Each structure stands twice: as structure tokens, then as C-alpha cells.
Amino acid sequence: NSPRGTAEPQCMAARLKRCVVRRRDGPEQHGVAASCLRELRDKACGVLAIDKARGPITLVLAEDGTIVDDEDYFLCLPPNTKFVALAKDEKWSSKGLDRGTSWLQGSGDEVDSAAEKWKQLARQLKDDLSNIILMSEEDLQVLIDVPRSDLAGELAQSETKIQVLQDTLQQVLDRREEERQSRQLLELYLEALKNEDNILSKAAEPEAAPRKEMDVVDTGTSSTDTSATAALSHQVLAALKEKPAPELCLDSQDLELVLKEDAAALASALGWDKQKAGALQEACEQELSKRLQQVQTLHSLRSTSKGKKALPWGDWPSAKRKK
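Keep in mind it's a predicted model, so treat the numbers as computed, not measured.

K.L.:
I'm lost on helix H6 (residues 148-155) in this one. Help?
P.N.:
Within an α-helix, residues lying three or four positions from one another point in the same direction, as the helix has 3.6 residues per turn. By the burial criterion, the buried members of H6 are Leu 151, Ala 152 and Leu 155. Taken around the axis of H6, the buried residues stretch over an arc of 105°, which confines them to a single face. In the segment just after H6, Ala 156 is the residue with positive phi, at about 55°.

K.L.:
What is the right way to read the packing of helix H9 (residues 234-242) against helix H11 (residues 263-270) from this model?
P.N.:
In a pair of packed helices, the angle between the axes and the distance between the axes together describe the arrangement. Running from N to C, H9 and H11 point in directions that differ by 80°, and their axes come no closer than 10 Å. Between H9 and H11, the crossing angle belongs to the class labelled roughly perpendicular. Facing H9, whose interface residues are Leu 237, Leu 240 and Lys 241, H11 presents Leu 266, Ala 269 and Leu 270. Grouping the amino acids of the contact of H9 with H11 by side-chain chemistry returns five nonpolar, no polar and one charged.

K.L.:
How do you make sense of a negative patch on the surface when you look at a structure like this?
P.N.:
Together, Asp 69, Asp 70, Glu 71 and Asp 72 line one region of the surface with negative charge. Among the structural elements, Asp 69 can be located in the loop between strand S3 (58-61) and helix H3 (71-76).

K.L.:
Teacher, can you tell me more about the side chain of Thr 81 here?
P.N.:
Among the secondary structure elements, Thr 81 is positioned in strand S4 (residues 81-86). Taking the relative accessible area as the measure of exposure, Thr 81 reaches 11% and is therefore buried. Ignoring any residue separated from it by four or fewer positions in sequence, one finds Thr 81 in contact with Arg 18, Cys 19, Val 20 and Leu 61.

K.L.:
What exactly am I supposed to notice about the sheet that holds S3 here?
P.N.:
Across a sheet, paired strands are connected by hydrogen bonds in the backbone, their directions being either parallel or antiparallel. Pairing is mixed across the open sheet formed by four strands, whose spatial order is S2-S1-S4-S3. Pairing within the sheet leaves two strands with one partner each, and these edge strands are strand S2 (30-34) and S3. Going from strand to strand, the sheet's axes swing by 40° on average, the running direction of each strand aside. Summarising the sheet, strand S1 (residues 17-23) and S2 pair through five bridges and their orientation is antiparallel.

K.L.:
Sorry, what's going on with the environment of Glu 256 here?
P.N.:
As for its placement among the helices and strands, Glu 256 is situated in helix H10 (residues 252-260). Considered as a pair, Glu 256 and Glu 285 are 29 residues apart in the sequence and their alpha carbons are 8.0 Å apart.

K.L.:
I keep staring at unusual backbone geometry and nothing clicks. Help me out?
P.N.:
Among all residues save glycine, negative phi is the norm, and among peptide bonds the norm is trans. Backbone geometry places Asn 80, a non-glycine residue, at a positive phi of 65°. Within the secondary structure, Asn 80 sits in the loop between H3 and S4. Although it is not a glycine, Ala 156 sits at a positive phi angle of roughly 55°. You can see Ala 156 is positioned in the loop between H6 and helix H7 (159-208). Overall, the relative accessible area of 59% leaves Ala 156 in the exposed class.

K.L.:
Teacher, can you tell me more about the pattern of salt bridges here?
P.N.:
Oppositely charged side chains are able to pair whenever their charged atoms sit close together. Applying the stated criterion to the full structure yields eight salt bridges. Here Glu 137 and Arg 180 are joined by a salt bridge, their closest N and O atoms 2.5 Å apart. A residue pair is termed long-range when its members are at least 10 positions apart, and Glu 137 in helix H5 (residues 137-145) and Arg 180 in helix H7 qualify at 43 residues. The exposure class assigned to Glu 137 is partly exposed, which follows from its relative accessible area of 28%. Here the salt bridges share partners, and the residues they tie into one network are Lys 117, Glu 138 and Asp 139.

How each quantity is defined
- Residues numbered from 1 in each chain as written.
- Predicted model: local features only at pLDDT ≥ 70, side-chain atom pairs only at ≥ 80, totals over all residues.
- Heavy atoms only, no water.
- Buried < 20%, exposed > 50% of the residue type's maximum accessible area, 1.4 Å probe, protein only.
- Helix = DSSP H or I, 4+ residues; strand = E, 2+ residues; numbered from the N terminus.
- Arc of directions from axis to C-beta.
- Axes fitted to C-alpha atoms, helices over the stretch in contact; angles between N-to-C directions.
- Parallel < 35°, antiparallel > 145°, perpendicular 65-115°, else oblique.
- Contact = heavy atoms within 4.5 Å.
- Nonpolar A, V, L, I, M, F, W, Y, C, P; charged D, E, K, R; others polar.
- Patch = residues over 30% accessible without salt bridge, like charges linked within 9 Å, V, L, I, M, F, W, Y side chains within 5 Å.
- Areas by Shrake-Rupley, 256 points an atom, 1.4 Å probe, with all protein chains shown as cover.
- Salt bridge = Lys/Arg side-chain N within 4 Å of Asp/Glu carboxyl O.
- Lys, Arg positive; Asp, Glu negative; His and termini not counted.
- Charge placed at Lys NZ, Arg CZ, Asp CG, Glu CD.
- Pairing = 2+ DSSP bridges.

Fair warning: the whole summary comes from geometry, so function is off the table for now.
What follows is the structure, given as C-alpha cells:
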């Protein structure tokens, strides 16, 4: 009887499968041994303190959430397979679950990315100091703000050398800021040149425009008066008569035509006295002179701007620093 009684427990132990179970949101795991799925469910409810009212539970693989409800599949699983026990109305979620044994770690073991970022950047500098040129301005500022003693310990350098390093990082950061401001100034400068070209082209359009076909004005006067006002169109004469300040409404070409007219012929064509026609011609002359001065000023600015455009890129930051 004794040999047979010893063999039965050994046979039963051989059929047991070692498993690891835990709850969906719990960090604790429990090791259990079961010969079938039903036994594993019963033991899981016991060790995980799941209320029977929330049963029956569902067992899923902790690795990917596969539901294990087939007895043969359970028997094919390797020992120490990890299961998650889901009570009624619970669903498996991959959030917070890492493969392997990392899912056992609690929230206190989570890495503070903000605190560790400067260490990662410091390791990059330790591997190759030229990585400075690849760092963003935000990364540079992070290393500048790190306490000198902490950075010295991470890089295994003296605090004096760390001070030199942080000063260098600050210089790189300042230089990038100067370059950004220089680019902004250059963009504003190019925009001003573009606007200036538009103004010059609009000012040159009346002068370059083809002369309009003028209608001969029949004023009922002598042939001399008719030939004197032949260059003025009906539209120009109407503007001279009706507008309160006609010199502002006419283009430069029409202003020149009005100035070339004989004052007496112009007065006759407009039905004005000679004094009023003379005053009109004087106002047109002043307006034309003002426009010519504006064009000359714009040409002068353009010449100056072309000289500035020839400056090398490096002169922009240096000019800013001199200011």
C-alpha cells in the first residue's frame, strides 16, 4: 500500500501547471498551480479576493489579452504563463501593461522624463561634444539651467569645466538668437524693397503709357485756339472744369499737356478768364514738380538699398551688436 500511495500524489503533481495570476489594474501577482481551467479560475478568485457575485471570471493572457477558455489550449501553454483575471463586465486593456516582468512595477517606478531629459542630453555631449550643433535651442536651455554640481557629476568633470561648458552653450544660444533676429530684419528689408519696386512701377506707368488719341476740341474760336487745345481730351477738359482740385486727379502726362497750353487758349477752351487759367497752370506745375521730386527720392533710396544688398550675411549681426 505504501508504494502506491506515494505514486498517486506524484502523478497528480505532474499534471499540475504552474501559473501566475493578477487583477487587471493590480500590481500584485500570485503563483498558483492548477490541473485545469476550472481549477485555475477557482484558485484565482480565492487568491485575488474576487467576489463570487462578480463571477464567473474570464482568464486572458497578460501579454496580449487572448481569452483562454479552451482546456486543450490551456494544457499547451508553458509553465508560469501569466494570466489576468477579469471579473464580470471588465475588459482587458493594454494600458499600463508591458511585456515581460515590467508590468509588475508600480507607478512609483515610472521615469520622470522631465528630470531625465537633461541626463540624456549630457550623455550625448559626453559621447561627442560636437552634438551641440545638433541640439535645439530648448535642449541647450535645459543644459544651461541644470545645476553645475549635478552636470559635473553626470559628465565626471570638475565644476570649473562645467562652467566653461555652460558658458559655451549660452554663447551658442545667443548666436542663434542673433541669427534669427538678423533673418527677421532681412525679411523686413526685402519686403520694403518689394514695396518700393511696386511704388516705382506704379509711378512709371503714366510716363510709359502710350499717348491717348486726343479729340480736337471745337470751341468756336479761331484756328490758333483750336490748335492750342487740340492735345487736351474732352475728359481732361471736363476734369479741369468740374473737379475742385483737378491737378490731383490728372496723371503726369496730362499735367504736362496742360502746362504746354497757351494760357489764353486754355482760358477760352474752359470759358474762364486768363487769370484763373494761369492759376490752374501754376497749380499743375507745382503738383508735377512734387511728383518728380518723389520719383527722384525713390530712385535715390533704391540706389542706397542696392548698395546694402551687397553686404555679406555676417555684417548683419555685427551691425546689430555695434548698436
